[in-house]
Amino acid sequence: MTNVDMKDLVALCKRRGFIFPASEIYGGINGFWDFGPLGTELKNNLRDMWWKWMVTTPPIGPDGEPVQIVGLDTAIIQNPKAWEASGHVGGFNDPMVDCKESKKRYRADHMNVYQADGSEYYFAFDKDASTENILKKVEKFYKKNKIEYSQDIGVHKTGTYDKYFDGDEVVGQTDIANFIAPDTYTSGTLTEPRQFNMMFHSFAGAAAGEENKVYLRPETCGGIFLNFKNVMDSSRVKMPFGIAQIGKAFRNEVTPRNFIFRSREFEQMELEWFCHEDDVPKWFDFWVEQRKKFWDFVGIDLNKIHFLDVPDGDRAHYSQKTTDFEYQFPFSGDGYDELEGVAHRGNYDLTKHQEHSGVKQQYIDPVTNERYIPHVIEPSCGLTRGVLALLSEAYVIDENRPSGGYMNFKPSMAPKKAAILPLVAKDGMPEAATKLYMELREHFAVDLDIKQNIGKRYARQDEIGTPYCFTIDGDTLTDGTVTVRERNTMSQERIPLDQVLLYLREKLAL
Ligand code: GAP
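As the structure is a prediction and not an experimental result, all values here were calculated from the model.

K.L.:
I would appreciate a short explanation of the nonpolar core in the present structure.
P.N.:
Across soluble globular proteins, nonpolar side chains show a tendency to be buried alongside one another. Judged by nonpolar contacts, the single largest core of 57 residues is most densely connected at Phe18, Leu46, Trp287, Trp295 and Leu391. It is helix 8 (residues 280-297) that provides the largest number of residues to this core, a total of eight residues. The residue makeup of this core includes at least three contributed by each of domain 1 (6-91 + 216-393) and domain 3 (403-508). Setting aside its immediate chain neighbours within four residues, Trp287 contacts Met54, Pro59, Ile69, Leu271, Trp273, Val342, Ile377 and Pro379. Membership of the second largest hydrophobic core comes to 21 residues, among which are Ala418, Phe444, Ile472 and Leu508.

K.L.:
Looking at this structure, I do not really get the pattern of salt bridges. What am I missing?
P.N.:
Opposite charge on two side chains lets them pair, provided their charged atoms get close. One pass over the full model with this rule turns up 33 salt bridges. Residues Arg15 and Glu463 are paired through a salt bridge, measuring 2.5 Å at the closest nitrogen-oxygen approach. Of this pair, Arg15 sits in helix 1 (residues 6-15) while Glu463 sits in helix 12 (residues 454-464), and the two are 448 residues apart along the sequence. The exposure class assigned to Glu463 is buried, which follows from its relative accessible area of 6%. Between Asp183 and Lys104 there is a salt bridge, with the nearest N and O atoms lying 3.7 Å from each other. Here Lys104 lies in the loop between strand 4 (93-98) and strand 5 (105-107) and Asp183 lies in the loop between strand 11 (179-180) and strand 12 (194-197), a separation of 79 residues in the sequence. Look at Lys104 and you get partly exposed, because its relative accessible area is 41%. Linked by salt bridges that have partners in common, Asp94, Arg107, Asp109 and Glu253 make up one network.

K.L.:
Would you mind showing me how to read the sheet that holds strand 28 (residues 481-486) here?
P.N.:
The strands that make up a sheet pair up through hydrogen bonds in the backbone, lying either parallel or antiparallel. The five strands are arranged 26-25-27-28-29 in an open sheet whose pairing can be described as mixed. Only two strands of the sheet have a single partner each, and these edge strands are strand 26 (446-448) and strand 29 (492-496). For this sheet, the mean angle separating the axes of adjacent strands, direction not counted, is 25 degrees. As judged from the three bridges shared by strand 25 (residues 418-422) and strand 26, these two strands associate in the parallel manner. Counted as the bridge partner of Ala419 is Asp447 from strand 26. The sheet contacts of helix 12 involve strand 25, strand 26, strand 27 (468-472), strand 28 and strand 29, and relative to strand 25 the element is tilted by about 175 degrees.

K.L.:
Mind showing me how you'd approach the side chain of Thr160 here?
P.N.:
Within the secondary structure layout, Thr160 lies in strand 8 (residues 155-160). A residue is classified by how much of its surface remains accessible, and Thr160, at 17% relative accessible area, is buried. At 2.7 Å, the side chain of Thr160 and the side chain of Asp162 are in polar contact. Ignoring anything within four residues of it in the chain, the contact list for Thr160 reads Ala108, Asp109, Met111, Asn112 and Val113.

K.L.:
For this particular structure, what's the right way to read the packing of aromatic side chains?
P.N.:
What characterises a pair of aromatic rings is the spacing of the ring centres plus the angle enclosed by the ring planes. By the definition in use, this model includes 34 aromatic pairs. Taking 5.1 Å as the distance between ring centres and 65 degrees as the angle between the ring planes, the aromatic pair formed by Phe261 and Phe331 counts as edge-to-face. In this pair, Phe261 sits in the loop between strand 15 (241-250) and strand 16 (265-275) while Phe331 sits in the loop between strand 18 (321-327) and strand 19 (337-346), placing the two residues 70 residues apart along the sequence. Residue Phe261 is classed as buried on the basis of its relative accessible area of 7%. Each member of the aromatic cluster is reached from another via a ring pair, and the members are Tyr122, Tyr161, Tyr164, Phe165 and Phe179. Positioned over the ring face of Phe35 is Lys43, at 4.9 Å from the centre of the ring.

K.L.:
Help me understand the environment of Gly209 in this model?
P.N.:
Relative to the elements of secondary structure, Gly209 occurs in the loop between strand 13 (201-203) and strand 14 (213-215). A relative accessible area of 18% places Gly209 in the buried class. The spatial distance from the C-alpha of Gly209 to the C-alpha of Ala85 is 21 Å, given a sequence separation of 124 residues.

K.L.:
I would appreciate a short explanation of the site of the ligand in the present structure.
P.N.:
Neighbouring the ligand are 20 residues; Glu219, Glu253, Ser263, Glu270 and Glu338 lie closest to it. Take Glu219: an N or O atom from its side chain is 2.6 Å from a nitrogen atom of the ligand. Contact between the ligand and Arg251: an oxygen atom at 2.8 Å from a side-chain N or O atom of the residue. For the ligand, whose accessible area on its own is 550 Å², the fraction buried by protein is 91%. Elements with a minimum of two residues in the shell around the ligand: strand 16, strand 19 and strand 22 (375-382). Here the shell around the ligand is composed, by residue class, of six nonpolar, four polar and ten charged.

K.L.:
For this particular structure, what's the right way to read the packing of helix 2 (residues 37-56) against helix 8?
P.N.:
Their axes nearest at 11 Å, the elements helix 2 and helix 8 cross at an angle of 140 degrees. For helix 2 against helix 8, the interelement crossing comes out right-handed. Residues Leu46, Met49, Trp50, Trp53 and Met54 of helix 2 form the contact with helix 8, whose own contacting residues are Trp287, Gln290, Arg291, Lys293, Phe294, Trp295 and Phe297. Its residues assigned to classes, the contact of helix 2 with helix 8 shows nine nonpolar, one polar and two charged.

K.L.:
Looking at this model, I keep getting lost on the packing of helix 2 against helix 10 (residues 383-394). Mind explaining?
P.N.:
A pair of packed helices can be characterised by two numbers: the angle between their axes and the separation between those axes. Where helix 2 contacts helix 10, the two axes come as close as 10 Å, and the packing angle between them is 110 degrees. In this view, helix 2 runs roughly perpendicular relative to helix 10, as classed from their interaxial angle. Seen from above, helix 2 lies across helix 10 with right-handed handedness. Of the residues in helix 10, those touching helix 2 at Leu42, Lys43, Leu46 and Arg47 are Leu383, Thr384, Gly386, Val387, Leu390 and Leu391.

K.L.:
I tried to follow unusual backbone geometry on my own but got confused; where do I start?
P.N.:
Backbone phi values are negative for most residues with the exception of glycine, while trans is the configuration of most peptide bonds. For the peptide bond that leads from Met239 to Pro240, omega is -5 degrees, which places it in the cis range. Topologically, Pro240 is positioned in the loop between helix 7 (228-234) and strand 15. Non-glycine residue Asp427 carries a positive phi angle of around 60 degrees. Structurally, the position occupied by Asp427 is in the loop between strand 25 and helix 11 (429-440). With a phi close to 60 degrees, Met490 is a non-glycine residue in the positive phi region. Considering the arrangement of structural elements, one finds Met490 in the loop between strand 28 and strand 29.

K.L.:
Where do I start with the sheet that holds strand 6 (residues 111-116) in this structure?
P.N.:
Overall, mixed pairing links the four strands, which are arranged 8-6-7-11 in an open sheet. Taken across any chain shown, the strands that pair with only one partner, and hence form the sheet edges, are strand 8 and strand 11. Here five bridges tie strand 6 to strand 7 (residues 122-126), and the two strands are oriented antiparallel to one another. Looking at strand 7, one finds that Tyr114 is bridged to Phe123. Here helix 5 (residues 131-144) sits on the sheet and contacts strand 6, strand 7, strand 8 and strand 11; the angle it forms with strand 7, its principal contact strand, is near 140 degrees.

Rules used in this analysis
Residues numbered from 1 in each chain as written. Predicted model: local features only at pLDDT ≥ 70, side-chain atom pairs only at ≥ 80, totals over all residues. Heavy atoms only, no water. Core = buried A, V, L, I, M, F, W, Y, C linked by side-chain atoms within 4.5 Å. Buried < 20%, exposed > 50% of the residue type's maximum accessible area, 1.4 Å probe, protein only. Helix = DSSP H or I, 4+ residues; strand = E, 2+ residues; numbered from the N terminus. Domains from an automatic or database assignment. Contact = heavy atoms within 4.5 Å. Salt bridge = Lys/Arg side-chain N within 4 Å of Asp/Glu carboxyl O. Pairing = 2+ DSSP bridges. Axes fitted to C-alpha atoms, helices over the stretch in contact; angles between N-to-C directions. Polar contact = N/O pair within 3.5 Å; in protein donor to acceptor, adjacent residues only side chain to side chain. Phe/Tyr/Trp six-rings, centres within 6.5 Å; stacked < 30°, edge-to-face > 60°. Lys NZ or Arg CZ within 6 Å of the ring centre and 35° of its normal. Near = heavy atom within 4 Å. Areas by Shrake-Rupley, 256 points an atom, 1.4 Å probe, with all protein chains shown as cover. Nonpolar A, V, L, I, M, F, W, Y, C, P; charged D, E, K, R; others polar. Left-handed = near helix turned anticlockwise from the far one by under 90°. Parallel < 35°, antiparallel > 145°, perpendicular 65-115°, else oblique.

Honestly, that's just the spatial picture; any functional story needs more than this.
If you want it as structure tokens, here you go:
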């Protein structure tokens, strides 16, 4: 369990300009967030690193050959037939359940159900609820309803809410009237789960009729499959190869929650790796290993990642096998929540597009002349969710400093690599600081901060995760040295002013 409190992290993100609620001056809009100046830098750093690992300098494959991956940037809105073929218009559904009393809406598969020992009542709770809150609620329910209650009454988990329903029938002997919703103390207020399609739609053109209905893509890979043939015909790729894309995706989530973890507009980084069916196991394992290395490289502690082989019945409609990378987010309690999934999509998507469009999606092996629709291994992660993992991982509480903590970003991910701070805003110090800033800004994202007392400025840099601060003081002007303050240890040393660029280069290369 992490000791980071989500409320503190969200407050820091707002205070320092990482992430703001979208449309905040109008009361916000549920499921949408705006990235501020530093959040945008952090997100771009993670995005650029993924692109470098995948497209600019892709890895060496399991056979010792460099792998080939090309990038795309496809339209968010495509012909709606594409989403009918992919199965999203018909089947991209979440089971939702309403509470008639609180008017709140829940995901039926995200609500855990607990039965009170020896009683007919079933309590539904959000899956993140703590044991302490569950027991408190159960006790309060009995007291409010004047039902005899013994301190010894315990609860045991019986499954998720959706598992009680099979079509329209309540499974077994459980009566829907005996369920108690997460936010009420009356039984029988929850509805049966209903399927809810998560595709956002709009209308292309002036008329707003069914014939003009279009969808915002729910996953970025859609545009990759649509361009499989274009890429094969226009680039010199040979099987196996990959096509990568980073961009926005939209899902009308029933319950957007946990800050940017589950939002309605988010970004994904996806690779579709096309290969022969016989080679699937080799490439699946390879990509799982690569993705582990990536998260380690950007500063995520692999001990906080749990690898889940997603069981039958829980996988997406296209997947034959999926390994989820689940991270211990601050809200995950004792558990883990999905950061990335590596899926074997079979040749589901290309086959469906071939069927629906009538355009062949085959690959012809130039050596053997074998014609086949390739299989796909898909490492797919949320860029925005990745940012949340970086923020959660970096957050360090430290009572001994004025800021109360610091963001321990790996320097390559940090929004600012260094800050230049004159000790006071007089005696030639701002001028010397500006000169150093002008030199460094040619090479790195650096901050020049002149006003306020030095303690407050260090506190700001700690909270935004700047690894190094260079302080210009009276001695700088006489002996040509500056103080370097290291973020994590707060240790300080003096180095020659003309060595600062070299010093930073060496430190950031680590
Ligand atoms: N193309 C496969 C695909 O989209 P997914 O598991 O539905 O698979 C992949 O999504 C990743 O996208 C997830 O692991 C997660 O990181 C991110 N993601 C999915 N829904 C999201 C949401 N509502 N908000 C933020 N990130 C989301």
